Amino acid sequence: MDDMKRNLFFTLLFLSLTMFFILCKKREKNFLRIGYQPITDHLALMIAMEKGWLIEELRKHGIEKIELKEFPTGPQEIHAMIGGEIDVAYVGSGPVVAGIYEGLQAKIIAGVHLQGYALVIKKKLAREYKNASSLKGKRIATYPPGSVPYIVFVKFLINNGISPKELSLKTMGPSDAVLAMERGDVDGVFLPPPYPVILVEEGIGEIVETSHTIWKGHACCVIAASNELINKNPKILVEIIKVHIKATEYIKNHIEEAVQIFSKWTNIKQTTVKLAFDLLDMEWIHNPELSIPSVLEYGRVIYELNRERLKRKKTLEADDIFDISLYKKAISEKF
Amino acid sequence: MRNFKAHFILSILTFLVLLEFLSRIIIKNPLYLPPPSSVLLSYISLRNYIVKDILTSMLHFLIGVGSACFLGILLGIGIGWFNQIYKGLFPILEILRPIPPIAWIPMAIIWFKLTHISAGFIIFTGAFFPVLISTYTGMKDVPKILIETAKILGAKNELSLIRYVGIPYALPYIFSGIRTGMGVGWMCVVAAEIFGVSDSGIGYRLFQRFYHFHQMDYAVAYMFLLGFISLTMDALFRRFVEERFLKWKKGIVK
Amino acid sequence: MKLEVINLSKTYFSERGEVKALDDINLEVKEGEFLCIVGPIGCGKTTLLRLIAGLERPTAGKILLDGREISGTSPERVLIFQEFSLFPWRDVFKNIEFGLEMMGVKDRKKIVEKYIDLMELKGFEKRYPYELSGGMKQKVAIARALCMNPSILLMDEPFSLLDAGTTKLLHQELLKIWEKTGKTIIFVTHNVEEARALGTRIVFLSPRPGKIIRIEKLKEMRPV
């Protein structure tokens, strides 16, 4: 009997310590943490930071410091957001939906980018490429499950009557994928800009499909913010969206400068970035409504991929994923 | 004995119930602390993947541990028995030994590309040194009196001495090394499978699926699966290998 | 069978200097003798035995067996150590047959059983060394040695780790076996009484470096 009492005591002690530790997690609110990825889709953020516009506006609302965190892929970024690592994210829309399905407390508050992806196949195979069925039995690298490239690519295969199992799909981050193709570990990659272009520039592969040919106008990246921030401090988010609109418009008229800034931030050669502008159909946006139809489609694909698990949950609607009110406010205040 | 088992089970059950309470009623965040009930149910939800994942991970494990045992025992015998070999190889091995298996991943991908072999290699780097070190410790430890007796009784050359005296003496050490190597090697399975070397495997599914889709209860279920398999392998090894071959150690150890 | 030790000397060289263990030993051992070598600790008696067994090489002089100089170890000159030397992973039977196995003898069973009987070890064939008493262990060692039909049986204080009672019993057994087999035995001990109880001749060694001080003839060699 004593043994059991002792066990019980220690179990309770351990659990109460755990509880204490968890409930004690507090965060200071005078600095903001923003996540992003080293892809041209997120140029608006890089420009806003480089020009100092973001910190200038946010200072007026009590934010002393902005901390940026770089992530290799969307799912990893959202995973960190779930853990409370970042408050705002420039991120792919697919991972946001996947996160919300698993309990992420966040919403999409603005659009960032459409299209821009490309399928690059090694030169020898590219010559014989006809359509999706040419990919059967090949090794292709793309972003991890739940990300937009993954979903778009899988949908591309399925729409053309091919099951992903008919090829060897390897998932990894952008630099790993480029490296894999350089080494010949994979026959092709499907990646966000500017990565596919690196392989074209190096003469290793050719572009055989782009977002335009696969799924015209599909949503890519968005700005997501935690519900906590949306409820407690919406003013900051409205300011962020306003700066985002300004930066997004800036890109279109200052391509040279945009190339320079991106190159500085990611160490990717300027010539490569320039080439991306030429070859890929990148489109920077700010209106979240442009993303809604494709994002809902992403939600459906994610649901299908995890049927067994999600069938007990309700499918997500636009209201579960988006909060447009902040964008509307930003637009009205700006113009 | 019965009493102990009852206490053990009761203690774990109490812990699980309290954890369930903590998770569902107090923390209410299944991502932070998945409730034990949903972790247990995960095994059922994952029934279509579990067997294939276990088999793939076992394949990587066998490649890694198998080659670790082969090379480790071979080199261990050489190093432990022949002083020249000891002097020659020992310094290099001592430098390589502390390198954590995960640090080998970039090299493994270059040498073996994204194949089952590269996964097996990571496991090899974990399992090799325990086997090597135990083997050569055992070989070095062979009492001189046994070697001299064997020589007197007609063991003609080094090979006979190694075969009839060295190895039998060192066998308990070798088995101990293999057991440790198996434990460390299994812990490397996740690291080995992170980089998409295959499309199944416990580590693969944990990192390429559960992590990216934030399916934490599935993740926890697989974490415990890893632990459980390790315990089982260890127990089986003890029972079917050590007990059988090491009857004579009963009087000497434990 | 004749063993001749001629002008035998052994010096050990180390960083700390030279140690002369044996100094100019001359000795002749005849067939069927029970020769005891007695001396204080460190007098080189173990060294002498090891030289005859072939585990070490002389610094000067030579050892001849039947006129031929010995080199290295051989089952003709089996040494039984003071410490227990059974192979712990082999049972009694397998320990005893070890030498025969090394020499490639095919029909070992009969030979092994013969010596198991001789050493009164019947019933213990499947036991492992860890299950045996000290006295039994040495008996197995002796059986193992006798299996090889050695020309000479060398024994280095084989009973010094055993208690008095067991030692007495083993003395009797050893003498019985000596009578039965007619083996030539060289027996080293630091205990003069033991030597007197067992041997036909005693060689007394001086403290280091060991020299032969005197040789005592005790009794006639018993008829085979």
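Residues numbered from 1 in each chain as written. Chains lettered and ligands numbered in written order. Predicted model: local features only at pLDDT ≥ 70, side-chain atom pairs only at ≥ 80, totals over all residues.

**A few points about the overall build of chain A**
Then, in step 1: On a plain count of helices and strands, chain A comes out with 18 helices and 12 strands.
Then, in step 2: A compact globule built from 335 residues should have a C-alpha radius of gyration of about 20 Å, and chain A, at 22 Å, falls within 12% of that.
Then, in step 3: In chain A, which comprises 335 residues, the proportion classed as buried is 48%.
Then, in step 4: Residue pairs at least 24 apart in sequence account for 81% of intrachain contacts in chain A once pairs closer than 6 positions are excluded. (Helix = DSSP H or I, 4+ residues; strand = E, 2+ residues; numbered from the N terminus. Rg over C-alpha atoms; globule rule 2.2 N^0.38 Å. Buried ≥ 20, exposed ≤ 12 C-beta atoms within 10 Å, placed from the backbone. Contact = placed C-beta atoms within 7 Å.)

**Observations concerning the interface of chain B and chain C**
Then, in step 1: With 16 residues of chain B at the contact, the number on the chain C side is 20 residues.
Then, in step 2: Looking at the side of chain B that touches chain C, the elements with two or more residues in it are α7 (144–152) and α8 (158–187) of chain B.
Then, in step 3: The dominant element in the side of chain B that touches chain C, judged by the number of residues it contributes, is α7(B), at six residues.
Then, in step 4: In terms of residue class, the side of chain B that touches chain C is made up of eight nonpolar, four polar and four charged. (Nonpolar A, V, L, I, M, F, W, Y, C, P; charged D, E, K, R; others polar.)

**Comments concerning the sheet that holds strand β6 (residues 77–80) of chain C**
All names here are of chain C.
Then, in step 1: Pairing within the open sheet is mixed, and its six strands lie in the order β6-β7-β8-β3-β9-β10. What marks the edges here is a single partner per strand, and that holds for β6 and β10 (212–217). For this sheet, the mean inter-axis angle between neighbouring strands, taken without regard to orientation, is 15°.
Then, in step 2: With four bridges connecting them, strand β3 (residues 34–38) and strand β9 (residues 201–205) associate as parallel partners. Within the sheet, the bridge partner assigned to Cys-36 lies in β9 and is Ile-202. (Pairing = 2+ DSSP bridges. Axes fitted to C-alpha atoms, helices over the stretch in contact; angles between N-to-C directions.)

**Description of the arrangement of the chains**
Then, in step 1: Of all two pairs of chains in contact, the one with the most contacts involves chains A and B.
Then, in step 2: There is a clear gap between chain A and chain C: no contact, and 38 Å between their nearest C-alpha atoms.

**Digging into the domain arrangement of chain A**
Residues and elements named next belong to chain A.
Then, in step 1: If you check the domain split of chain A, you get domain 1 (31–114 + 219–334) and domain 2 (118–214).
Then, in step 2: The centre of domain 1, based on its C-alpha atoms, is set 24 Å off from the matching centre of domain 2.
Then, in step 3: Taken together, the elements giving at least two residues each to the side of domain 1 that touches domain 2 come down to α4 (74–82), α5 (93–101), α14 (270–279) and α15 (292–305).
Then, in step 4: Here the element with the most residues in the side of domain 1 that touches domain 2 is α14; it accounts for six residues.
Then, in step 5: Of the residues assigned to the side of domain 1 that touches domain 2, the class counts are 17 nonpolar, eight polar and two charged. (Domains from an automatic or database assignment.)

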